[in-house]
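# Descriptive analysis of the structure
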Amino acid sequence: MTESSKPQVRFYTIDSDEAGQRIDNYLLKTLKGVPKSMIYRLLRKGEIRVNKKRTKPEYKLNDEDVIRVAPIRISEKTDTVSTQLNVVSNLEKQILFEDDMYIVLNKPSGMAVHGGSGLSFGVIEAMRALRPKTKMLELVHRLDRDTSGCLVIAKKRSALRHLHEQLRNKQVQKFYHALVKGVWSPKLTRVTEGLRKNDLKSGERVVIVDNIKGKESETRYKVLQQYQGATLVRAFPVTGRTHQIRVHCQCKGHPIACDPKYGAQPFDDEMKDIGLKRLFLHAASIEFYHPKKEERIKIEAPLEPALNNVLKKLTKV
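Given the structure is predicted, the values throughout are model-derived calculations rather than measurements. (Residues numbered from 1 in each chain as written. Predicted model: local features only at pLDDT ≥ 70, side-chain atom pairs only at ≥ 80, totals over all residues. Heavy atoms only, no water.)

### Examining the layout of surface pockets
By volume, the second largest pocket amounts to about 160 Å³. With three residues, the single largest contributor to the lining of the second largest pocket is strand E11 (residues 195–199). (1 Å grid on protein atoms, 1.4 Å probe; cavity = no way out; pocket = protein on both sides within 12 Å on 5 of 7 lines; lining within 4 Å. Points joined across faces, edges and corners; volume = space filled by probe spheres on them. Helix = DSSP H or I, 4+ residues; strand = E, 2+ residues; numbered from the N terminus.)

What follows is the structure, given as C-alpha cells:
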C-alpha cells in the first residue's frame, strides 16, 4: 500500500445551511460507503470529534463546527448512476424550474423518487449524478412511482426546511389531474374519508377507507371535462396521505384509469384499448412561497403527449 492510498484524517467545517441537523444524519450522508454501525462505533470511541471534543450521535451541529474523522477506509464500491443511461439523461429535459435553492422536475411515470426495494436508483440518485458539484440534493416531498408531474428537490438545507414548514402549515398548493371512471358530479367537491394502511396476506400494502381508525384526510375536487364514460378532474389534496387521491376517487365509485391497486378492470381495458399504458394521475402544478424571491411561485407541468392523445380519443359531453 502506498502512502497516498492510506486512509487520511478528514475535516469538515459546517456552514449555516448544514447547521441544525444531527451529526449522525450528517455523517451518514457525507461518508458515503461507511456502514451506519461503524459511524456509531467511531462516535462512541471518540474517533469522530466536534471542535476537538467527544460527541454523541444526537448532537445538533452548529455553524462553523469542525468535525474531525479519524483515518478510516471508505469503500469505493458505491453504486454510481451512469449519466449515459437514457432514463437519467432524459431527466435533464424534464426540469421545469431551477435556481440555487430548488429544482422542480416533471417526473416521468414509472420512475420511483428514490432507489430501494429492488431498484438500484430513482429520481434523486439520478439527479445527484447529473449535478455532481451540487453539495446537497434532497427530495422535498414524494410522488408515487406511477404518478407523473411536479416534484421539488432542495439544493440547500435551509430551502428544504422552508418548504417542509410550508407543507406542515398547508401553505403549499399541489393540483393533480386525474382521468376517472364514470360521470363525476360537479356537486362532489370534497371527499373526507379517513384512510388507513393495510397489509394484505400477499405482503402487498394497500390503503383502505376507515373512518374510525384511519387518519383524517381531505381531497377537494373540480370537474375539468366530462367525457362519455369518464371524467377529467382536478384534485387538491389538503392532507398528504399515502395514495390519498387514488383511494378517495375509488371510494366514490370513480377509480382512476389504469390504477394497478385501486382500478376497475373493464374501464381500464377500455382505456388501454385507446392507448393508455399508465396510471392517469399527474401532478399538474405546485405553488409555494420562495424564500429568496420573497414571493409565491407557481410551476406547471404539462401532460405528456401520450396522455393528451388518450383525451383526444374520448368523446366530450
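### Let's talk about the pairing of strand E12 (residues 205–209)
In terms of strand pairing, E11 meets E12 through five bridges, oriented antiparallel. Its bridge partner lying in E12, Asn198 is registered against Val206. (Pairing = 2+ DSSP bridges.)

### A short note on the packing of aromatic side chains
Evaluated as defined, the whole model comprises four aromatic pairs. Aromatic side chains Tyr102 and Phe288 sit 5.4 Å apart centroid to centroid with 65° between the ring planes, which places their arrangement in the edge-to-face category. Taken as a pair, Tyr102 in strand E6 (residues 102–107) and Phe288 in strand E15 (residues 281–290) lie far apart in primary sequence, 186 residues in all. Assessed through its relative accessible area of 0%, Tyr102 is described here as buried. A centroid spacing of 5.3 Å and a plane angle of 40° characterise the contact between Phe175 and Phe236, whose relative ring orientation is tilted. Of the two residues, Phe175 sits in strand E9 (residues 173–181) while Phe236 sits in strand E14 (residues 230–237), which places them 61 residues apart along the sequence. (Phe/Tyr/Trp six-rings, centres within 6.5 Å; stacked < 30°, edge-to-face > 60°. Buried < 20%, exposed > 50% of the residue type's maximum accessible area, 1.4 Å probe, protein only.)

### Comments concerning the nonpolar core
Core analysis: the biggest nonpolar cluster contains 68 residues, and Leu179 and Phe280 have the highest contact counts within it. Look past the residues within four positions of Leu179 in its chain and what remains in contact with it is Tyr227, Ala230, Thr231, Leu232, Pro255, Ile256, Ala257, Met271, Phe280, Val310, Leu311 and Leu314. Counting 17 residues, the second largest nonpolar core, distinct from the first, contains Leu27, Ile48, Ile67 and Ile72. (Core = buried A, V, L, I, M, F, W, Y, C linked by side-chain atoms within 4.5 Å. Contact = heavy atoms within 4.5 Å.)

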